[in-house]
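The chain contents come next:
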Amino acid sequence: MMENQLVRTGQSALAVAAAVSTLPGLAIGLPTPLAGIFLLTAMPVAIPLFLRREPQNFAWGSLIIGTGLLAWTVVGLILGMFLFMPAALLLTTAAFVDPRTRPGALGVVAALGIPVATGFLFYGVIGA
């Protein structure tokens, strides 16, 4: 019987950051007539957070939702779905950043991704 392992902290942090990065898009989109589309776009981002006890399912869920969301941000560009691009990139990255298989990758992602996500969150919430 295989023992369940938890997803690494860095991967969980990226998934949490992805969920938090949907807030500016929701803050901008919910007061509009397209509120339902914005809400349905943001909801699946939280799914990987419920899969943290199964690393393989977490990785697959993050990859599928992240790439699907990335495609939707391009298709829905005119509707403002580009606001969810940081969440898509963070989720896709969370699928591949496993310190057990790629040591040092989390540090590179943190050095590049956290300032971008923070800047987007600041601009989206404060600038709105």
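Above this text you will find the structure in question.
Thresholds applied
- Residues numbered from 1 in each chain as written.
- Predicted model: local features only at pLDDT ≥ 70, side-chain atom pairs only at ≥ 80, totals over all residues.
- Heavy atoms only, no water.
- Axes fitted to C-alpha atoms, helices over the stretch in contact; angles between N-to-C directions.
- Helix = DSSP H or I, 4+ residues; strand = E, 2+ residues; numbered from the N terminus.
- Parallel < 35°, antiparallel > 145°, perpendicular 65-115°, else oblique.
- Left-handed = near helix turned anticlockwise from the far one by under 90°.
- Contact = heavy atoms within 4.5 Å.
- Nonpolar A, V, L, I, M, F, W, Y, C, P; charged D, E, K, R; others polar.
- Phe/Tyr/Trp six-rings, centres within 6.5 Å; stacked < 30°, edge-to-face > 60°.
- Buried < 20%, exposed > 50% of the residue type's maximum accessible area, 1.4 Å probe, protein only.

Asker: An account of the packing of helix α4 (residues 55-75) against helix α5 (residues 85-96) is needed here, citing residue identities and associated values.
Answerer: Describing two packed helices takes the angle between their axes plus the distance from one axis to the other. Closest axis-to-axis distance for the α4/α5 pair is 7 Å, and the angle between their directions is 150°. One finds that α4 runs roughly antiparallel with respect to α5. Note on packing geometry: the crossing formed by α4 with α5 is left-handed. Residues F58, A59, S62, L63, I65, G66, T67, L69, L70 and T73 of α4 pack against M85, A87, A88, L89, L91, T92, A94, A95 and F96 of α5. Residue classes in the contact of α4 with α5 are distributed as 14 nonpolar, five polar and no charged.

Asker: Summarise the packing of aromatic side chains; cite the residues concerned and give the values.
Answerer: Summed over the entire model, instances satisfying the criterion amount to one aromatic pair. Pairing F38 with F84 gives two aromatic rings, centres 5.9 Å apart and planes at 50°, and the pair type is tilted. You can see F38 sitting in helix α3 (residues 35-42) and its partner F84 sitting in the loop between α4 and α5, a full 46 residues away along the chain. When its relative accessible area of 4% is taken as the criterion, F38 is described as buried. Of the residues examined, F84 reaches a relative accessible area of 0% and is grouped as buried.

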